[in-house]
Amino acid sequence: RSIVLPDESGDVMLPSVVNYTEAGAPLVGVRALALAAQHPADTLMSVKRFMGRGSKDASNDARRSHYRLAEGDEGLVRFVTSSGALSPVEVSADILRVLRQRAGGEIDGAVITVPAYFDEAQRQATKDAATLAGLRVLRLLNEPTAAAVAYGLDNAEQGVIAVYDLGGGTFDISILRLHKGV
């Protein structure tokens, strides 16, 4: 059974936004989003599209945004902020840490969703972010497949099911053929 994890205010949504204006612990979520207009270069959002990508590959996306990029040792994307240069993996880990804190207690493992179009480098970067956040990844699921599982379609006897994911700028579809719960 799925349980949504609220924050201390009872909010269940966590915007994937991180602000690195101040040294020390970054601000994540709504508080970071509130600083986006004042500190655009230090407020990172939508970093998922940079996961597992090289600097040259991501430079077009960066030019269309307010991000300042620095080239890392292996040519991977790194964002320049007031708190230093950070990779998308590090930014994602900061978001996952907040979710881990919301769960409280000991966490045996995590199932993390990724866009259906993620290649192996992007999937590995997601696993790295989870490890950095102190989570053991049990499995990565494509987002449309995860939606099907969350709504209980995995318990259906049989049939062909189409699951559409109308995410932020994507239109993914997964076709599931279910037979006796498999």
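The structure contained in this document is the topic of the report that follows. Model, not experiment: these values are computed from the prediction.

Cut-off values and rules
- Residues numbered from 1 in each chain as written.
- Predicted model: local features only at pLDDT ≥ 70, side-chain atom pairs only at ≥ 80, totals over all residues.
- Heavy atoms only, no water.
- Salt bridge = Lys/Arg side-chain N within 4 Å of Asp/Glu carboxyl O.
- Helix = DSSP H or I, 4+ residues; strand = E, 2+ residues; numbered from the N terminus.
- Buried < 20%, exposed > 50% of the residue type's maximum accessible area, 1.4 Å probe, protein only.
- Pairing = 2+ DSSP bridges.
- Contact = heavy atoms within 4.5 Å.
- Axes fitted to C-alpha atoms, helices over the stretch in contact; angles between N-to-C directions.
- Parallel < 35°, antiparallel > 145°, perpendicular 65-115°, else oblique.
- Left-handed = near helix turned anticlockwise from the far one by under 90°.
- Nonpolar A, V, L, I, M, F, W, Y, C, P; charged D, E, K, R; others polar.
- Phe/Tyr/Trp six-rings, centres within 6.5 Å; stacked < 30°, edge-to-face > 60°.

## As for the pattern of salt bridges
Enumeration over the complete set of coordinates arrives at four salt bridges. For the salt bridge of K48 with E143, the shortest nitrogen-to-oxygen distance reads 3.2 Å. Highlighted residues: K48 in the loop between β3 (43-45) and α2 (55-63) and E143 in helix α5 (residues 143-150), separated in sequence by 95 residues. Assessed through its relative accessible area of 40%, K48 is described here as partly exposed.

## As for the pairing of strand β10 (residues 172-179)
Of the two faces of β10, only one is covered, namely that formed by D172, S174, L176 and L178; the face formed by I173, I175, R177 and H179 stays uncovered. Across eight bridges, strand β9 (residues 158-165) lies against β10 in antiparallel orientation. The residue bridging Y164 from the neighbouring strand is I173, located in β10.

## Digging into the side chain of D42
Residue placement: D42 occurs in the loop between α1 (30-34) and β3. Residue D42 is classed as buried on the basis of its relative accessible area, which comes to 7%. Excluding residues that lie within four positions of it along the chain, D42 makes contacts with V18, N19, Y20, T21, R68, T81 and S82.

## Notes on the packing of helix α3 (residues 88-103) against helix α4 (residues 120-132)
Interaxial distance between α3 and α4 falls to 8 Å at its minimum, and their mutual angle equals 50°. As summarised for this structure, α3 and α4 are arranged oblique, according to the angle between their axes. In terms of crossing hand, the pair formed by α3 and α4 is right-handed. Contacts between α3 and α4 involve V89, E90, S92, A93, L96 and R97 on the former and, on the latter, A125, D128, A129, A130 and L132. Partitioned by chemical class, the residues of the contact of α3 with α4 number seven nonpolar, one polar and three charged.

## Digging into the sheet that holds β3
With antiparallel pairing, the three strands of this open sheet are ordered in space as β2-β1-β3. The open sheet has two free edges, formed respectively by β2 (27-28) and β3, since each of these has just one partner strand. When strand β1 (residues 17-19) meets β3, the two strands line up antiparallel, connected through three bridges. Each bridged residue has a counterpart across the sheet, and for V18 the counterpart in β3 is L44. The strands touched by α3 within the sheet are β1, β2 and β3, with β1 carrying the most contacts at an inclination of about 105°.

## Quick look at the environment of V137
On the secondary structure map, V137 appears in strand β8 (residues 137-142). Sequence spacing of V137 and T126 is eleven residues, and the spatial spacing of their C-alpha atoms is 9.4 Å. Residues in contact with V137, not counting those within four places in the same chain, are A110, I112, K127 and A130.

## Some thoughts on the packing of aromatic side chains
What characterises a pair of aromatic rings is the spacing of the ring centres plus the angle enclosed by the ring planes. Summed over all chains, the structure comprises two aromatic pairs. Note on F50 and F79: the rings are 5.2 Å apart at their centroids and 90° apart in plane angle, and the pair reads as edge-to-face. Highlighted residues: F50 in the loop between β3 and α2 and F79 in strand β5 (residues 77-81), separated in sequence by 29 residues. Classification of F50 as buried rests on a relative accessible area of 1%.

## Topic: the environment of V91
Tracing the sequence through the fold places V91 in helix α3. For V91, a relative accessible area of 0% corresponds to the buried category. Each residue touching V91, except ones within four places of it in the same chain, is listed here: V18, Y20, L44, V47, F79 and L86.

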